[in-house]
Amino acid sequence: MAAEANSYDTWFCAQVQATLEDARSGTSQVQVMQAAQALIDAKRQVEPKS
């Protein structure tokens, strides 16, 4: 069991490091929040109010 945990920890740390070193540009938090707000606003316009 301990060997499996150590193996997983090693794999997980390697995945995190690879992600941190990834030079591709990702989606910014601002872009995500703007898209989410647009979905919320669109949904509010469609739903009838009670």
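Every value quoted in this text rests on a predicted model; they were computed, and no experiment measured them. (Residues numbered from 1 in each chain as written. Predicted model: local features only at pLDDT ≥ 70, side-chain atom pairs only at ≥ 80, totals over all residues. Heavy atoms only, no water.)

**Describing the overall build of the protein**
Then step 1. In terms of regular secondary structure, the protein is built from two helices and zero strands.
Then step 2. Its C-alpha radius of gyration of 20 Å places the protein more than 25% over the 10 Å reference for a compact globule of 50 residues.
Then step 3. Summing over all exposed atoms, the protein offers an accessible surface of approximately 5,000 Å²; the carbon and sulfur share of this is 59%.
Then step 4. Averaging the locations of the 4 positively and 6 negatively charged side chains of the protein gives two centres separated by 20 Å. (Helix = DSSP H or I, 4+ residues; strand = E, 2+ residues; numbered from the N terminus. Rg over C-alpha atoms; globule rule 2.2 N^0.38 Å. Areas by Shrake-Rupley, 256 points an atom, 1.4 Å probe, with all protein chains shown as cover. Lys, Arg positive; Asp, Glu negative; His and termini not counted. Charge placed at Lys NZ, Arg CZ, Asp CG, Glu CD.)

**Thoughts on a nonpolar patch on the surface**
Then step 1. A surface patch of nonpolar side chains, about 540 Å² in accessible area, is lined by Tyr-8, Trp-11, Phe-12, Val-16 and Leu-20.
Then step 2. If you trace the backbone, Val-16 turns up in helix 1 (residues 2-21).
Then step 3. The partly exposed category is assigned to Val-16, whose relative accessible area is 34%. (Patch = residues over 30% accessible without salt bridge, like charges linked within 9 Å, V, L, I, M, F, W, Y side chains within 5 Å. Salt bridge = Lys/Arg side-chain N within 4 Å of Asp/Glu carboxyl O. Buried < 20%, exposed > 50% of the residue type's maximum accessible area, 1.4 Å probe, protein only.)

**Focus on the environment of Ala-18**
Then step 1. Tracing the chain through its elements places Ala-18 in helix 1.
Then step 2. Separated by 25 residues in the primary sequence, Ala-18 and Lys-43 place their C-alpha atoms 37 Å from one another.

**Things to note about the packing of aromatic side chains**
Then step 1. Tallying each qualifying case throughout the model produces two aromatic pairs.
Then step 2. Seen in terms of ring centroids, Tyr-8 and Trp-11 are 5.6 Å apart; in terms of plane orientation they differ by 40°. Their pairing is tilted. Residue Tyr-8 and its partner Trp-11 are located together in helix 1, separated by three residues, close to a single helical turn.
Then step 3. You can call Tyr-8 partly exposed: its relative accessible area is 48%.
Then step 4. For Trp-11, a relative accessible area of 46% translates into the label partly exposed.
Then step 5. Here the aromatic rings of Tyr-8 and Phe-12 are separated by 6.0 Å at their centres, their planes lie at 25°, and the arrangement is stacked. A residue pair is termed a helical-turn pair when its members lie 3 or 4 positions apart in one helix, as Tyr-8 and Phe-12 do in helix 1 at four residues.
Then step 6. An aromatic cluster of three or more residues is present, and its members are Tyr-8, Trp-11 and Phe-12. (Phe/Tyr/Trp six-rings, centres within 6.5 Å; stacked < 30°, edge-to-face > 60°.)

Read these as geometric descriptors, not functional statements.
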